[in-house]
Amino acid sequence: MLIDGRSGAGKSTLARLVAQRWPGEVQTLALDRVYPGWDGMDAGVELVRAQVLVPYARGRGGRWQRWDWDAQRAAETHEVSPTGALIVEGAGLLTPATAQYADLTVWVGSPEPSRRRRALDRDGDAYRPHWERWARQEEHHLVRDAPDRLAQIVVTVP
């Protein structure tokens, strides 16, 4: 399952709720643990596509490397088991290149004021100076990839 949406839309909450109710083994991966810095949306998505989604779709385990936001560098590597369900969530995730590896694709939409409030309440001053910078990458993704049209399910969060 791939869950995409703009920052603060509710992707992580939806992924957590689905995982809690999943009937069996489920792994979750949040792209905010992978993006290589504030300008790394596309790079993070490509890393996950190549190193997690492709191997997982072929029945092999994948791996991803955590981005240390404080040190601004890659950190430890994490394994993805080839068994059980996999839920990946993150802004920029749903593209023509990633959708082909998903059994289910979801777009989470929410109005900008609500998203901004939730994101800044969650991440506070660490995110505040980067909101516009990240939003520009999201806008580019929306125009280029039309993730809401690639989604099989569209969820709207007020």
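Look up: the structure comes first, before these words.
Predicted model only: the values in this text are computed from it and were never measured.

Chemist: Can you break down the environment of R21 residue by residue, with the values?
Modeler: On the secondary structure map, R21 appears in helix 1 (residues 11-21). Measuring from C-alpha to C-alpha, the distance between R21 and Q51 comes to 27 Å, with 30 residues separating the pair along the chain.

Chemist: Could you give me a rundown of the sheet that holds strand 1 (residues 2-5), with the residues and numbers involved?
Modeler: The parallel open sheet is built from five strands, whose spatial order is 2-5-1-6-7. This sheet does not close on itself; its edge strands, each paired only once, are strand 2 (26-30) and strand 7 (153-156). The sheet shows a mean angle of 20 degrees between the axes of neighbouring strands, direction not considered. Across five bridges, strand 2 lies against strand 5 (residues 85-89) in parallel orientation. By the bridge assignment for strand 5, T28 is matched with I87. Set on the sheet, helix 1 makes contact with strand 1, strand 2, strand 5, strand 6 (105-109) and strand 7; between it and strand 5 the angle comes to about 165 degrees.

Chemist: So what's going on with the pairing of strand 1? Residues and values would help.
Modeler: With burial as the criterion, each face of strand 1 is covered, one bearing L2 and D4 and the other bearing I3 and G5. Examined bridge by bridge, strand 1 and strand 5 share two bridges and lie parallel to one another. Of the residues in strand 5, the one forming a bridge with L2 is V88. Here strand 1 pairs with strand 6 via four bridges, running parallel. Paired with I3 across the bridge in strand 6 is V106.

Chemist: Requested: an account of helix 5 (residues 131-145), with residues and values cited.
Modeler: Look at helix 5: 21 Å from first C-alpha to last across 15 residues, which is about the 21 Å you get at 1.5 Å a residue. The set of residues buried in helix 5 consists of W131, W134, A135, Q137, E138, H141 and D145. Down the axis of helix 5, the buried set is contained in an arc of 160 degrees. They therefore lie on one face. Seen from the open side of helix 5, the exposed residues pointing more than 90 degrees away from its buried face are R136 and V143. Against the buried residues of helix 5 lie strand 1, helix 2 (41-57), helix 3 (96-99), helix 4 (112-123) and helix 6 (147-150). Immediately beyond the C-terminal end of helix 5, within one or two residues, lies A146, with a positive phi of roughly 45 degrees.

Chemist: Describe in detail the packing of aromatic side chains, supporting the description with residues and values.
Modeler: Using the criterion set out here, one finds five aromatic pairs in the structure. Ring centres of W38 and W134 lie 6.3 Å apart, and the angle between their planes is 85 degrees; on these two criteria the pair is classed as edge-to-face. Pair noted here: W38 is in the loop between strand 2 and helix 2 and W134 is in helix 5, with a separation of 96 residues, a long-range link. W38 gets classed as buried once you look at its relative accessible area, which sits at 18%. Here a set of aromatic residues connected by ring pairs shows up, and it is made of Y35, W38, W69, Y127, W131 and W134.

Calculation rules
- Residues numbered from 1 in each chain as written.
- Predicted model: local features only at pLDDT ≥ 70, side-chain atom pairs only at ≥ 80, totals over all residues.
- Heavy atoms only, no water.
- Helix = DSSP H or I, 4+ residues; strand = E, 2+ residues; numbered from the N terminus.
- Pairing = 2+ DSSP bridges.
- Axes fitted to C-alpha atoms, helices over the stretch in contact; angles between N-to-C directions.
- Contact = heavy atoms within 4.5 Å.
- Buried < 20%, exposed > 50% of the residue type's maximum accessible area, 1.4 Å probe, protein only.
- Expected span 1.5 Å × (residues − 1).
- Arc of directions from axis to C-beta.
- Phe/Tyr/Trp six-rings, centres within 6.5 Å; stacked < 30°, edge-to-face > 60°.

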